[in-house]
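So the chains spell out like this:
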Amino acid sequence: MNLNIIEISKTYNNGDSFALYKFSQTLEPGVYGLLGPNGAGKTTLMNILTTNLKETSGRVEWDDKPIKSLGREYRSLIGYMPQQQKLYDDFSGEEFLWYMASLKGLSKTDAKIRIDKMLDIVNLQDKKDERIKNYSGGMKQRLLIAQALLNDPKILIMDEPTAGLDPEERIRIRNFISEISEGKIVIIATHVMQDIEYIADKIILMKKGNIMEAGTPDELIRKVDGNVYEGIVNNKEIEELKMQENVLISNARYSGNERNHVRIISKDKEKILQKMNQVEPDLEDVYLFYEHFG
Ligand code: ADP
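Residues numbered from 1 in each chain as written. Predicted model: local features only at pLDDT ≥ 70, side-chain atom pairs only at ≥ 80, totals over all residues. Heavy atoms only, no water.

Enquirer: Mind showing me how you'd approach the domain arrangement of the protein here?
Expert: Partitioning the protein into structural domains gives domain 1 (3-221) and domain 2 (226-293). Of note, the centres of domain 1 and domain 2, computed from C-alpha atoms alone, are 36 Å apart. The interface is formed by 15 residues belonging to domain 1 together with eight residues belonging to domain 2. Summed over both partners, the interface of domain 1 with domain 2 comes to about 1100 Å²; 69% of that surface belongs to carbon and sulfur atoms. Linking domain 1 to domain 2 there are zero salt bridges. At the surface where domain 1 touches domain 2, the tally comes to two residue pairs in polar contact (both at pLDDT 80 or more). Mapped by element, the contributors of at least two residues to the side of domain 1 that touches domain 2 are α8 (193-197), β9 (202-207), β10 (210-215) and α9 (217-223). (Domains from an automatic or database assignment. Contact = heavy atoms within 4.5 Å. Buried area = accessible area lost by both parts, 1.4 Å probe. Salt bridge = Lys/Arg side-chain N within 4 Å of Asp/Glu carboxyl O. Polar contact = N/O pair within 3.5 Å; in protein donor to acceptor, adjacent residues only side chain to side chain. Helix = DSSP H or I, 4+ residues; strand = E, 2+ residues; numbered from the N terminus.)

Here it is, written out as structure tokens:
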């Protein structure tokens, strides 16, 4: 079971600007974190994978068959959780799921079974009759996940699934995604590393329509090993660090007595100041490293 994205490009303005440029990646069951700043091309890629947008060139294959030739058969494999969806505030949670099931073409019998199961899975059974407008942010997100899962998709695509949630809800949704991901290709697009840090099997860092770097969280961390430093420096030294082109200050905690604690990411694997110590990078460092120096 694999989804093979082969040299997908999407251009606008007669080819003058592009949202994706020769993007290639093979996806197998597992959780993929699609990470990149605004404008990197994440939405464009998701829209092409859900067939809501047509690529300019390249192709996508599902188990070696072009998805174009599979048509409806391919679309029935997809579950999509958009970032913002008009959630029909006056519907109850269950009514919304019935509505979505009818859009997806599920029969009444199938819909009844699936809706009941989804309400269990997303833990909304006891809130199913409540109006959506009374739902919390986390409940709304869970309802959106439930609709994406109605057709038991093999490919689940989620756009910022934890947007607008408080830290506790974020953690709950993250764990929940991890729980339901078994045997599926799950793609989570986000610009927040914490969303995918703990649940992604593979992280794909995107910039300007292409992949900057991709790998397991451990692999990515190893790539910037030796590039991250911490130390106590005075104000003048901070100013000097700021001037260096190959240095990014990722964190500075100023203190009144000139003993400021800074964390820096250096493009070159060399010590910037003798008094700084090399430290273990985390994924936030990886993201910043590629974002600034990639
Ligand atoms: P992301 O989801 O990572 O923020 P997008 O896929 O939305 O990125 O956008 C990628 C790039 O493509 C951006 O530079 C954006 O301005 C451009 N783009 C997206 N849609 C269009 C469009 N309809 N016309 C022109 N440019 C577009």
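Having seen it, we continue.
Enquirer: Before we go on, may I ask you to explain the nonpolar core in this structure?
Expert: As a rule of thumb, soluble globular proteins bury nonpolar side chains together. Residues L97, L143, I145, M158, I177, I188 and I203 are the most contacted members of the largest nonpolar core, which totals 50 residues. Counting residues per element, this core draws most heavily on helix α6 (residues 137-149), which supplies seven residues. Shared between two domains, this core holds at least three residues of each, these being domain 1 (3-221) and domain 2 (226-293). Not counting residues within four places of it along the chain, the set of residues in contact with I145 comprises M81, M158, I173, F176, I177 and I180. L27, W62, L77 and A189 belong to the second-largest nonpolar core, a separate cluster that totals 27 residues. (Core = buried A, V, L, I, M, F, W, Y, C linked by side-chain atoms within 4.5 Å. Buried < 20%, exposed > 50% of the residue type's maximum accessible area, 1.4 Å probe, protein only.)

Enquirer: Can you walk me through the site of the ligand in this structure?
Expert: For the ligand, the full set of nearby residues is Y12, A19, P37, N38, G39, A40, G41, K42, T43 and T44. In this structure, an oxygen atom belonging to the ligand sits 2.9 Å away from a side-chain N or O atom of K42. The contact in question runs from an oxygen atom of the ligand to an N or O atom on the side chain of T43, over 2.4 Å. Surface burial for the ligand is 57%, taken as the share of its 560 Å² of free accessible area covered by protein chains. Take the shell around the ligand: its biggest share by element is three residues, from helix α1 (residues 42-49). Class assignment for the residues of the shell around the ligand results in four nonpolar, five polar and one charged. (Near = heavy atom within 4 Å. Areas by Shrake-Rupley, 256 points an atom, 1.4 Å probe, with all protein chains shown as cover. Nonpolar A, V, L, I, M, F, W, Y, C, P; charged D, E, K, R; others polar.)

Enquirer: Hey, could you run me through unusual backbone geometry in this one?
Expert: Both trends apply: most residues other than glycine have a negative phi, and most peptide bonds are in trans. Of note in this structure, D64 is not a glycine but carries a positive phi near 70°. Structurally, D64 is set in the loop between β4 (57-62) and β5 (65-66). Positive phi, close to 65°, is recorded for E258, a residue that is not glycine. With respect to the helices and strands, E258 occurs in the loop between β12 (247-253) and β13 (260-266).

Enquirer: Would you mind going over the side chain of T190 with me for this structure?
Expert: Examined against the element boundaries, T190 turns out to sit in strand β8 (residues 185-190). T190 gets classed as buried once you look at its relative accessible area, which sits at 0%. A polar atom in the side chain of T190 sits 2.9 Å from the backbone nitrogen of V192. Other than its neighbours up to four places away in sequence, T190 contacts L34, L35, G36, K42, E160, D195 and I196.

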